[in-house]
Amino acid sequence: MTRMAVHTALGFLVVSLGLLIMLFRWRKVRMDLWSFLPISLSSIVMIIAFFAWYSASESVYARNKAYFEVTVSDVQDSLIDRYRLYENALRAGMGLFYASDVVERDEWISYVKALDVSNHLPGISGVGYIDYVLAQDMGRYTEWVRNDGLTDFKTYPDTFYPDKFIIRLIEPYADNKEAVGLDIGFEANRRAAAERARDLGVPALTKRIELVQDKQKQPGFLLLIPVYQDDEVPATLAERRSKFRGWVYAPFVGANFMEGLTDFGGNQVDVIVYDGSKVAEEAIIFDGALPENKSQAFDFSKTTQVRVAGRKWTLQWNVTKNFNPPANYNVATLLLVSGIIFSSFVYIILTQLLRRKEIIDEEVKEQTQVIKQQGRQSELLVQQLARSNEDLERFAYIASHDLQEPLRMVRSFTGLLEEQYADKLDDTAKKYIGFAYSSAGRMQELINDLLEYSRIGTDAERYEDMHLDDILDDVLENLQERIADTKAEITSGDLPEVHGNPVRMTRLLQNLVGNAIKYQPEDAHPKIRVSSEEKEDLWLISVSDNGIGIDEKYGQKIFEPFERLHGKSEYSGTGMGLAICKRIVEDFGGTIWIKSGEGLGEDKRGATFFFTIPK
Ligand code: ADP
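Residues numbered from 1 in each chain as written. Predicted model: local features only at pLDDT ≥ 70, side-chain atom pairs only at ≥ 80, totals over all residues. Heavy atoms only, no water.

(A) Structural detail: the overall build of the chain. Per the secondary structure count, the chain includes 15 helices and 17 strands. Relative to the globule expectation of 25 Å for 615 residues, the C-alpha radius of gyration of the chain, 65 Å, shows a markedly less compact shape. Viewed in the frame of its principal axes, the chain has a C-alpha envelope of about 205 × 55 × 40 Å. Of all 615 residues assigned to the chain, the portion counted as buried reaches 41%. Across the chain, every contact between residues at least 6 apart in sequence was considered, and the portion connecting residues at least 24 apart equals 70%. Element-wise, carbon and sulfur atoms account for 54% of the exposed surface of the chain, whose accessible area totals about 34,900 Å². Within the chain, the 91 negative side-chain charges are centred at a point lying 7 Å from the centre of the 71 positive side-chain charges. (Helix = DSSP H or I, 4+ residues; strand = E, 2+ residues; numbered from the N terminus. Rg over C-alpha atoms; globule rule 2.2 N^0.38 Å. Buried < 20%, exposed > 50% of the residue type's maximum accessible area, 1.4 Å probe, protein only. Contact = heavy atoms within 4.5 Å. Areas by Shrake-Rupley, 256 points an atom, 1.4 Å probe, with all protein chains shown as cover. Lys, Arg positive; Asp, Glu negative; His and termini not counted. Charge placed at Lys NZ, Arg CZ, Asp CG, Glu CD.)

(B) Spotlight on the site of the ligand. Among the 20 residues in the neighbourhood of the ligand, the closest are listed as Asn515, Tyr519, Asp545, Arg564 and Leu578. Between the ligand and Arg564 there is a distance of 2.5 Å, counted from an oxygen atom to a side-chain nitrogen or oxygen. One of the backbone nitrogen or oxygen atoms of Gly577 is found 3.4 Å away from an oxygen atom of the ligand. Here the ligand loses 98% of its free accessible area of 530 Å² to cover by the protein chains. Elements represented by at least two residues in the shell around the ligand include exactly α14 (502-518), α15 (577-587) and β17 (607-614). (Near = heavy atom within 4 Å. Polar contact = N/O pair within 3.5 Å; in protein donor to acceptor, adjacent residues only side chain to side chain.)

(C) Region of interest: the nonpolar core. In terms of nonpolar packing, the biggest core is built from 48 residues, with Trp108, Val127, Val248, Phe257 and Trp313 touching the most fellow members. The element that contributes the greatest number of residues to this core is helix α2 (residues 37-99), accounting for eleven residues. Apart from residues lying up to four places away in sequence, Val248 is in contact with Leu90, Gly93, Met94, Phe97, Trp108, Val127, Gly128, Tyr129, Leu223, Leu224, Ile225 and Val227. Ranked by size, the runner-up nonpolar core spans 41 residues in total, among them Ile471, Leu472, Val530 and Ile550. (Core = buried A, V, L, I, M, F, W, Y, C linked by side-chain atoms within 4.5 Å.)

(D) Inspection of the sheet that holds strand β12 (residues 489-492) at higher detail. Spatially, five strands are ordered β12-β14-β15-β17-β16 in an open sheet, and the strand pairing comes out mixed. Unpaired on one side and paired on the other, β12 and β16 (592-596) mark the two borders of the sheet. If you compare each strand with its neighbour and ignore which way they point, the axes differ by 15 degrees on average. Relative to strand β14 (residues 527-534), β12 is paired through four bridges, and the arrangement is parallel. Paired with Glu489 across the two strands is Lys527, which belongs to β14. (Pairing = 2+ DSSP bridges. Axes fitted to C-alpha atoms, helices over the stretch in contact; angles between N-to-C directions.)

(E) Quick look at α14. The end-to-end C-alpha distance of α14 is 23 Å, a good match for the 24 Å that 17 residues give at a rise of 1.5 Å each. Of the residues that open α14, the one with a side-chain oxygen 3.0 Å from the backbone nitrogen of Val503 is Asn501. (Expected span 1.5 Å × (residues − 1).)

(F) Structural view of the pairing of β17. Burial within β17 is extensive, with seven of its eight residues counted as buried. Across seven bridges, strand β15 (residues 538-545) lies against β17 in antiparallel orientation. Bridging across to β17, Leu540 finds its partner in Thr612. In this sheet, β17 lies alongside β16 in antiparallel orientation, the contact comprising five bridges. Following the sheet pairing, Ile592 is matched in β17 by Phe611.

(G) Layout of the sheet that holds strand β9 (residues 301-308). Within the open sheet, the four strands sit side by side as β8-β7-β10-β9. Their pairing is antiparallel. In this open sheet, the two edge strands, each paired with only one partner strand, are β8 (284-287) and β9. Averaged over neighbouring strand pairs, the angle between their axes works out to 20 degrees when direction is ignored. Note: β9 against strand β10 (residues 311-319), eight bridges, orientation antiparallel. Bridge pairing links Lys302 to Trp317 in β10.

(H) Looking closely at the environment of Pro526. Within the element layout of this structure, Pro526 appears in the loop between α14 and β14. Classification of Pro526 by relative accessible area gives buried; the value is 1%. Placed 364 residues apart in sequence, Pro526 and Pro162 show a C-alpha to C-alpha distance of 164 Å. With residues up to four places along the chain from it excluded, the contact list for Pro526 reads Thr486, Lys487, Ala488, Glu489, Ala516, Ile517, Gln520 and Asn546.

(I) The pairing of strand β13 (residues 497-500), seen in detail. Going residue by residue along β13, you find Val498 and Gly500 tucked away on one face and Glu497 and His499 left uncovered on the opposite face. Judged from the four bridges that link them, strand β11 (residues 464-467) and β13 form a sheet pairing that is antiparallel. The partner of His467 across the bridge, within β13, is Glu497.

(J) Quick peek at the side chain of Arg245. Secondary-structure assignment places Arg245 in strand β6 (residues 244-253). Here the side chain of Arg245 touches Ser100 through a polar contact of 3.3 Å, landing on its backbone oxygen.

(K) Structural context of the packing of helix α11 (residues 427-455) against α15. Running from N to C, α11 and α15 cross one another at 15 degrees; their axes reach a closest spacing of 9 Å. With respect to α15, the element α11 is oriented roughly parallel. The hand of the α11/α15 crossing is left-handed. Facing α11, whose interface residues are Asp449, Glu452, Tyr453 and Ser454, α15 presents Ala579, Ile580 and Arg583. The class makeup of the residues in the contact of α11 with α15 is three nonpolar, one polar and three charged. (Parallel < 35°, antiparallel > 145°, perpendicular 65-115°, else oblique. Left-handed = near helix turned anticlockwise from the far one by under 90°. Nonpolar A, V, L, I, M, F, W, Y, C, P; charged D, E, K, R; others polar.)

As structure tokens, this is what we get:
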């Protein structure tokens, strides 16, 4: 996944986006821009998450790869260091030869002992010396070696070369005795390396060989350092050849030489070392790659080349399961997973919201349809009602207006009749004329009230701010005669400033206070209180009395036109007073009602009228 190309991943993303949109299209034939919102927003979130994940993975990958390379180069450096260590150990051996013409076996034994090969140079099988002997000198040479303590010394194999490269000294002896007497010139690889060391005056490494003393026949090599008669490398090739004595050398088994090499890097990498510049099975010097150590998580690998004593080695590096880089993919994975979760959330929430919006839209549409229909119908109702109301009011107005004229005639003529024909009429006639006269008067009152009633709410009325205290003062002045007659006691609380028509307001209060004076037992002294109470958006005004009170069951009825609870002989009146009050109150947006049994009289006798005035 980490190294999946960006365009491949994007390709997948675009294809899945397309599929989702197709699905959308197929599911809903009608599409608006809104329906794209969830998929596009969640895709954007997804794409951002993907890029975050991708770049995080890339940087983790880059950091880990760099870590791998550093580890490889550290281990490789330690390989070179190890080689140098061996080379230096051998150079010390050269010193022995410069110190004396002949190095004897005992000297060599003590030198190698001092090196403590098995502890300090565990990669080499031993440290030895190879004599360079011309073919014609071989007899003498063998004799001399036998005299030096190796009584059964013999050289092998026989070659046709004019010069022989005979291993004379090698310690520790027991491990290497097969090598003693070997002419390493018998074989081309060894000979080539030995000659190169001699001719160039530098250490030389053989190609991959099998050591004669290694029973396991593992791949190995020889390191050869030339020794001349002078203690310096002679300047010319001719001199180097003529003054040449032999080689200090060490046989290596590849596996031993490399052993523990990768420990240095915590065994996070392993290596296969090939002799030469090719990666080929037959060139392997050392194979440190164990299949069971192969890393499952990483597959970093690298091929490098190093030059060791004139030979090129090719090293193939791989990560092991111990590979423990500093950066890991958790953050990247977390980014991706949380991105996927988040984008799913965005998708789900947005689709839910859109679905809800759709439902609401549909509901609104339906409701609007219903309301429109209802509206059309109620408009028609309302229109009809208004028309019939208007008709009624016009009728009431015209009727009361037009009736006034003939009534006035009836009253004035019955009046004239009584005055001017008094002497010609008997008492009965006078009595009848009296009835007719007062009836006409009463009818005038009724018609006046009716006229007033029908005018309320239809006349253009001026509204203004007024103090109810002032209105009450006017009312008391209008009623002063009756107040004086009945010795009525009228009190009031703090009355507010309100907005309305002062004439109507006066009429309203006058009717209520007037009734409170009127509806009293005989010879009683009326007690009346007008008070107010402030509510949130209205004023509550009450008029209480100590009068006869009202049975609650008539609470609605008394506000209807011409509805009375008493005969006119008991209490005079037209039955229009409260109807007018109700119309006035409702006209400025309030309500009016009555409560009995909470009056100012004994045992709370009396009526209380309440009405409201909106602020
Ligand atoms: P009316 O001209 O008869 O006073 P209203 O409409 O003013 O007509 O009153 C209707 C009826 O309500 C009255 O006949 C009376 O019975 C009753 N009423 C009005 N005010 C009071 C009151 N303060 N106490 C008792 N009854 C009342």
